[in-house]
Amino acid sequence: MAPSSDYKEFTDSLALAKRVVVLAGAGLSAGSGIPTYRGVGGLWKKQDPKKLATLDAFKRDPSLVWQFYHYRRELCLRAQPNAAHRALAELSIRDTRNRIMPSLTSTEPPLFITQNFDSLSPRALNDLADQLTSDEMKTVQNRLIEMHGSAFRTVCTQCKHVNFTYDSPLSPALADTSEVSFETPRDIPIDQLPRCGGPEWKGSNRYAKCGGLLRPAVVWFGEVPEGLGEISKELNWTDLLIVVGTSSLVYPAAGFSKTVRERGGKVAVFNLEPSADDTCDFMFLGPCEETLPKALG
Ligand code: BV8
Ligand code: ZN
């Protein structure tokens, strides 16, 4: 049966759903000026992910990989959450107690899984902080999983110290790296790449700055995405999976909707075009920054 594109039918399903999960991809942030990967002008149309988005690539040429992530990090810093990020953030904080069948509702906010590492969804949530108590905000933030990591987190390759910062550049040598300059990448000496400022512990002795080489805390190909345990538990009970702006080509995320449908849940796709995920119950074609506010408003 062809998927429905009836907004009223969708909102009725949403109101009745006890457990809602959202899965977002690069199309969610396209409206904020962040390039997607596989669409027109997509990143992987111009760059080879094997040379830039794997641990081997980083070990082989950390200078190249850091320049790649630096200019994308700058793009994300300059971007603002769009109407789709805001609509999903509102959904995350909406009190599920006021759904049509109060006795059946749970007050669990939806689980919000994003494959994006641009930090725009956490920022859209933080923009709603004045509507929540700090405990409620913590609950909602814990229900947001950046399964492919974050451009604003780093991990030390030596002491594994994790750091989150919007500071930029992470090392002076990266300062003037842009998408244009990346066309002729420089060979930045490894000691001028981002270094660990975290404490180094040897047993219980704390040493001064570890100084180890930092890497972007982004999940590269072949690395295990974050939050999979919580995600697979949740998918068993999901009544409605809302899939936004993803080509549904990268696993394990691409397999989530099949899991939900096999367990009797419904899938709603918001995309510019029919994605690989055409076995869905709802499909809303168009820019999600227009279709999502309409569907979730
Ligand atoms: C792993 C970070 C082992 C780096 C990325 C089967 C099972 C498990 C793994 C595999 C498997 N088969 C193959 C694999 C390996 C691999 C994989 O899936 N390869 C693919 C290419 C075949 N997967 C992995 O390596 C994963 N790890 O397998 O570990 C494991 C796994 C589980 C348990 C134990 C061990 C790691 C995958 C993560 C890789 N990291 N990015 C970086 O980006 O620099 S992937 C990259 O693709 C991004 O994270 C991105 O989020 C992700 C998916 O892309 P999309 O978000 O969908 O973006 P895309 O451009 O493709 O599509 C955009 C869509 O939006 C389009 O449909 C477009 O129409 C739409 N759109 C555009 N504008 C709008 C819009 N829609 C609405 N409105 C708009 N305005
Ligand atoms: Zn360190």
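Everything quoted here is computed from the prediction, not taken from an experiment.

**Observations regarding the domain arrangement of the protein**
- Parsing the protein into structural domains produces domain 1 (1–34 + 82–148 + 227–297) and domain 2 (41–78 + 150–218).
- Taken together, the contacts link nine residues of domain 1 with 12 residues of domain 2.
- Across the domain 1 to domain 2 interface the summed buried area is about 810 Å²; carbon plus sulfur atoms make up 58%.
- Counting the contacts that link domain 1 with domain 2 gives one salt bridge.
- Here Glu146 ties to Arg153 by a salt bridge, and the two come within 3.9 Å at their closest N and O atoms.
- Applying the counting rule to domain 1 against domain 2 returns three residue pairs in polar contact (both at pLDDT 80 or more).
- The residue inventory of the side of domain 1 that touches domain 2, partitioned by class, reads three nonpolar, three polar and three charged.

**Observations concerning the coordination of the zinc ion (ligand 2)**
- Taken together, the protein donors to the zinc ion (ligand 2) comprise Cys156 (SG), Cys159 (SG), Cys196 (SG) and Cys210 (SG), at separations of 2.3 to 2.4 Å.
- Classification of the site at the zinc ion (ligand 2) rests on its four donor atoms, whose angles at the metal span 104 to 120°, yielding the label tetrahedral.
- Counting the intervening residues between successive donors of the zinc ion (ligand 2) yields the motif C-x2-C-x36-C-x13-C. Residue Cys159 is found in the loop between strand S4 (149–156) and strand S5 (162–164), and its partner Cys196 is found in the loop between S5 and strand S6 (199–202); the two are separated by 37 residues along the sequence.
- The buried category is assigned to Cys196, whose relative accessible area is 4%.

**Thoughts on the state of the cysteines**
- This structure, assessed with the given rule, holds zero disulfides.
- The thiol of Cys288 is unpaired, and the distance to the nearest cysteine sulfur, on Cys280, comes to 15 Å.

**Overview of the site of ligand 1**
- Residues in close proximity to ligand 1 total 35 residues, the closest being Tyr37, Arg38, Arg72, Thr246 and Ser247.
- Interatomic distance of 2.7 Å between a side-chain N/O atom of Tyr69 and an oxygen atom of ligand 1.
- Glu223 is positioned with one of its backbone polar atoms (N or O) 2.7 Å from a nitrogen atom of ligand 1.
- Here ligand 1, which alone exposes 1500 Å², has 77% of that area covered by the protein.
- Of all the secondary structure elements, the ones that give two or more residues to the shell around ligand 1 are helix H2 (27–30), helix H6 (62–78) and helix H12 (288–296).
- In terms of residue class, the shell around ligand 1 is built from 19 nonpolar, 11 polar and five charged.
- When residues are assigned to domains, the shell around ligand 1 turns out to be shared by domain 1 (1–34 + 82–148 + 227–297) and domain 2 (41–78 + 150–218), each giving three or more.

**Comments concerning the pattern of salt bridges**
- Tallying each qualifying case throughout the model produces 14 salt bridges.
- A salt bridge links Lys8 to Asp12; its shortest N-O distance comes to 2.8 Å. Residue Lys8 and its partner Asp12 are located together in helix H1 (residues 7–16), separated by four residues, close to a single helical turn.
- Of the charged contacts in the structure, one is a salt bridge between Glu226 and Arg153, with a shortest N-O distance of 3.5 Å. Of this pair, Glu226 sits in the loop between strand S8 (214–218) and helix H10 (228–235) while Arg153 sits in strand S4, placing them 73 residues apart in sequence.
- A relative accessible area of 19% means that Arg153 is categorised as buried.
- Each of Arg19, Arg143, Glu230 and Glu234 takes part in a single network of salt bridges with overlapping partners.

**Observations concerning the layout of surface pockets**
- Its boundaries defined by the atoms lining it, the largest pocket holds a volume of some 900 Å³.
- Taken together, 46 residues line the largest pocket, and the ones lying closest to its centre are Ala26, Tyr37, Arg38, Gly245 and Ser247.
- Elements that contribute at least two residues to the lining of the largest pocket include exactly H2, H6, strand S10 (266–271) and H12.
- Counted by class, the lining of the largest pocket contains 26 nonpolar, 15 polar and five charged residues.
- Both domain 1 (1–34 + 82–148 + 227–297) and domain 2 (41–78 + 150–218) contribute no fewer than three residues apiece to the lining of the largest pocket.

Here is what the cut-offs are and how they apply
- Residues numbered from 1 in each chain as written.
- Chains lettered and ligands numbered in written order.
- Predicted model: local features only at pLDDT ≥ 70, side-chain atom pairs only at ≥ 80, totals over all residues.
- Heavy atoms only, no water.
- Domains from an automatic or database assignment.
- Contact = heavy atoms within 4.5 Å.
- Buried area = accessible area lost by both parts, 1.4 Å probe.
- Salt bridge = Lys/Arg side-chain N within 4 Å of Asp/Glu carboxyl O.
- Polar contact = N/O pair within 3.5 Å; in protein donor to acceptor, adjacent residues only side chain to side chain.
- Nonpolar A, V, L, I, M, F, W, Y, C, P; charged D, E, K, R; others polar.
- Donors = N, O, S within 2.8 Å, 3.2 Å for Na, K, Ca; no water.
- Tetrahedral: all angles 85-135°; square planar, octahedral: opposite > 155°, others 65-115°.
- Helix = DSSP H or I, 4+ residues; strand = E, 2+ residues; numbered from the N terminus.
- Buried < 20%, exposed > 50% of the residue type's maximum accessible area, 1.4 Å probe, protein only.
- Disulfide = S-S within 2.5 Å.
- Near = heavy atom within 4 Å.
- Areas by Shrake-Rupley, 256 points an atom, 1.4 Å probe, with all protein chains shown as cover.
- 1 Å grid on protein atoms, 1.4 Å probe; cavity = no way out; pocket = protein on both sides within 12 Å on 5 of 7 lines; lining within 4 Å.
- Points joined across faces, edges and corners; volume = space filled by probe spheres on them.

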